[in-house]
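# Results of the structural survey
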Amino acid sequence: MRIHLIAAARPNFMKIAPLYHALDQVEWARPVIVHTGQHYDINMSDAFFNDLGLPDPHIHLGIGSGSHAEQTGNVMIAYEKILLKERPRLVVVVGGVNSTMACTIAASKVVYADLPEGSRRPVVAHLEAGLRSKDRTMPEEINRLVTDALADILWTPSPDATENLLKEGVPRQKIENVGNIMIDSLEMMRQKIVAAEAFSALGLSRGRYGLITLHRPANVDSPDILAALCRLLIAVSERIPLVFPVHPRTRKNLVAFGLLDGLQQAEKMILTEPMNYVRFMNLVFNCQFVITDSGGIQEETTYLGIPCLTMRPNTERPITVDQGTNQLCTMESLGPRIDRILAGAAKSYHVPERWDGRTAERIVNVIRSKMLFN
Ligand code: UD1
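Right, let's walk through the structure included here. The structure presented is a predicted model; accordingly, all values stated were derived computationally and were not measured.

## Topic: helix α17 (residues 331–342)
Across its twelve residues, α17 extends 18 Å between first and last C-alpha, which sits within 8% of the 16 Å expected from 1.5 Å per residue. For α17, the set of buried residues is S333, L334, I338 and I341. Axial view of α17: buried residues confined to an arc of 140 degrees, hence all on one face. Those residues of α17 hidden inside the fold are in contact with α11 (223–237), β11 (289–292), β12 (308–310) and β13 (326–328). Downstream of α17 by one or two residues, G344 has phi in the positive range, about 95 degrees.

## Examining the site of the ligand
By nearness alone, 20 residues border the ligand, and H39, N98, E140, H215 and R249 come closest of all. H39 places a side-chain nitrogen or oxygen 2.8 Å from an oxygen atom of the ligand. The contact in question runs from an oxygen atom of the ligand to an N or O atom on the side chain of H247, over 3.0 Å. Protein chains bury 88% of the 740 Å² of accessible surface belonging to the ligand in isolation. For the shell around the ligand, the secondary structure elements donating two or more residues are α3 (68–86), α5 (139–150) and α12 (248–256). In terms of residue count, α12 provides more of the shell around the ligand than any other element does, three residues in total. Grouping the amino acids of the shell around the ligand by side-chain chemistry returns seven nonpolar, eight polar and five charged.

## Remarks on the packing of aromatic side chains
Tallied over the entire structure, the rule returns three aromatic pairs. Relative to F48, the ring of F13 lies with its centre 6.2 Å away and its plane at 45 degrees, an arrangement referred to as tilted. In this pair, F13 sits in helix α1 (residues 10–24) while F48 sits in helix α2 (residues 46–51), placing the two residues 35 residues apart along the sequence. F48 shares its class with F13; the two are buried. Ring-pair connections join several aromatic residues into one group, and the members of that group are F13, F48 and F49.

## Some words on the sheet that holds strand β8 (residues 210–213)
By way of backbone hydrogen bonds, the strands of a sheet pair with one another, either parallel or antiparallel. The strand order across the open sheet formed by six strands is β10-β9-β8-β11-β12-β13, and the pairing between neighbours is parallel. Here the strands that pair on one side only, and so sit at the sheet edges, are β10 (269–272) and β13. Taking the axes of each pair of neighbouring strands and ignoring which way they run, one obtains an average angle of 20 degrees across the sheet. Taken together, the three bridges between β11 and β12 define a ladder with parallel strand orientation. Across the sheet, the residue bridging to T292 is T310, located in β12.

## Here's the deal with the environment of I59
For I59, the location among the structural elements is in strand β3 (residues 59–60). Each C-alpha atom, one on I59 and one on F285, is 33 Å from the other, the two residues being 226 residues apart in sequence. Other than its neighbours up to four places away in sequence, I59 contacts H4, V32, I33, V34, H35, I82 and E86.

## Let's talk about the pattern of salt bridges
For the structure shown, the criterion picks out 19 salt bridges. Between R132 and E168 there is a salt bridge, with the nearest N and O atoms lying 2.7 Å from each other. Taken together, the positions of R132 in the loop between β5 (123–127) and α5 and E168 in the loop between α6 (159–167) and β7 (175–177) put the pair 36 residues apart, joining distant regions of the chain. Residue R249 pairs with D221 through a salt bridge whose shortest N-O separation is 2.9 Å. Placement of the pair is R249 in helix α12 and D221 in the loop between α10 (217–220) and α11, with a sequence separation of 28 residues. Exposure remark for R249: the relative accessible area of 35% places this residue in the partly exposed category. Classification of D221 as partly exposed rests on a relative accessible area of 33%. Several salt bridges converge on common partners, so that one network encompasses K15, E128, E141, R144, E299, R312, E316 and R317.

## Observations regarding the packing of α1 against helix α7 (residues 181–188)
Closest axis-to-axis distance for the α1/α7 pair is 8 Å, and the angle between their directions is 75 degrees. Judged by the angle between their axes, α1 and α7 are roughly perpendicular. Across the interface between the two elements, P11, M14, K15, A17, P18 and H21 of α1 pack against I181, M182, D184, S185 and M188 of α7. Classifying every residue of the contact of α1 with α7 gives seven nonpolar, two polar and two charged.

## Examining the pairing of strand β4 (residues 90–94)
The buried count for β4 comes to five of five residues, which makes it a mostly enclosed element. Alternating residues of β4 divide into L90, V92 and V94 and V91 and V93, and every residue in both groups is buried. One ladder, built from three bridges, connects strand β1 (residues 2–7) with β4; its direction is parallel. Each residue of the ladder has a partner; that of I3, found in β4, is L90. Handedness of the crossover joining β4 and β5 through helix α4 (residues 98–109): right-handed.

Here is what the cut-offs are and how they apply
- Residues numbered from 1 in each chain as written.
- Predicted model: local features only at pLDDT ≥ 70, side-chain atom pairs only at ≥ 80, totals over all residues.
- Heavy atoms only, no water.
- Helix = DSSP H or I, 4+ residues; strand = E, 2+ residues; numbered from the N terminus.
- Expected span 1.5 Å × (residues − 1).
- Buried < 20%, exposed > 50% of the residue type's maximum accessible area, 1.4 Å probe, protein only.
- Arc of directions from axis to C-beta.
- Contact = heavy atoms within 4.5 Å.
- Near = heavy atom within 4 Å.
- Polar contact = N/O pair within 3.5 Å; in protein donor to acceptor, adjacent residues only side chain to side chain.
- Areas by Shrake-Rupley, 256 points an atom, 1.4 Å probe, with all protein chains shown as cover.
- Nonpolar A, V, L, I, M, F, W, Y, C, P; charged D, E, K, R; others polar.
- Phe/Tyr/Trp six-rings, centres within 6.5 Å; stacked < 30°, edge-to-face > 60°.
- Pairing = 2+ DSSP bridges.
- Axes fitted to C-alpha atoms, helices over the stretch in contact; angles between N-to-C directions.
- Salt bridge = Lys/Arg side-chain N within 4 Å of Asp/Glu carboxyl O.
- Parallel < 35°, antiparallel > 145°, perpendicular 65-115°, else oblique.
- Right-handed = clockwise from strand over helix to strand, strands pointing away.

Everything listed here is a matter of coordinates, which is why it stays silent on function.
Given below as structure tokens:
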């Protein structure tokens, strides 16, 4: 069974890796990695393939950056050609980036004209289905809504995601709570992460620094908001060292808004290039807290029991707040929350069900039982 695994942007690579490795071990599956090229810098893409033991993408669409419509349209046009040539039986899309939606649309509408009815298009499965921030100003929310409306199989990471889909009228038999695939990657790479010592290479002490990641348009695309965030982070860095691997979108805006110098001059603020998976996760494993607007990091910190301060008004991963270590923060509440963490007051937490490193195995079993013998 030819199975396309769609990878496009940095957070996708950790989601396809465990599944690729699991499918590569069963004789009935031929996993094919399709990289759309949405992320293309070495440290946003190739570095992750190396770390995660993935082969070079079998197919590369080379799309690159663009406006939302350009990027989505270019992926659809390029991927439709591949679909017609390759005729995969199953297409697995992950997460909620523009390429996730674009490949879902292309695969849902393609027609393998000369094949019998019932096999004229691939089955589309969405891994990490059902996440909802209920905030349609976020491009990912639109991508997730469209993807979930079209996908034939919906693999959710947690019960709240399953509930969201049921409320939207998705038939129960299309949904399976398979757990959180990011935890599979983390467990797969644990030994290397622990051995990496990225934090000590930056002169930091275990448990005595904070880690920052920021890249959401709502935080980094407006000069006023980004300037206010920089002032806030510089103030925090006067109390505890902070390390900040800077996403390309954020770097571009820090330069354009004249904010980069101020950050670089802050004595205990360490700015770095985006890091590969293993080094970055080593920084997560050993930090005292994370300040972020990323999705995946909210989950990884909950799994690891590390306080996570999310600079957003909402999250599509509410289980990390209800059960985990995550707290949604505003500019006003960040300081007091850091005070409490520095004073040793940790939020109690437990790890959600099926965040156990066995999600890829469950998915392989579902594919086998749903598709192989049908
Ligand atoms: C994308 C996803 C977002 C995800 C994030 C993870 C969408 C709508 N957004 O946001 O959900 O959380 O990836 O990183 O799909 N750039 C580079 N090099 C690269 C890639 C991008 O320099 O390898 C720069 C380009 O200037 C580009 C900008 O970053 O225009 C934004 O890239 P893009 O993929 O459009 O969105 P992200 O902000 O990365």
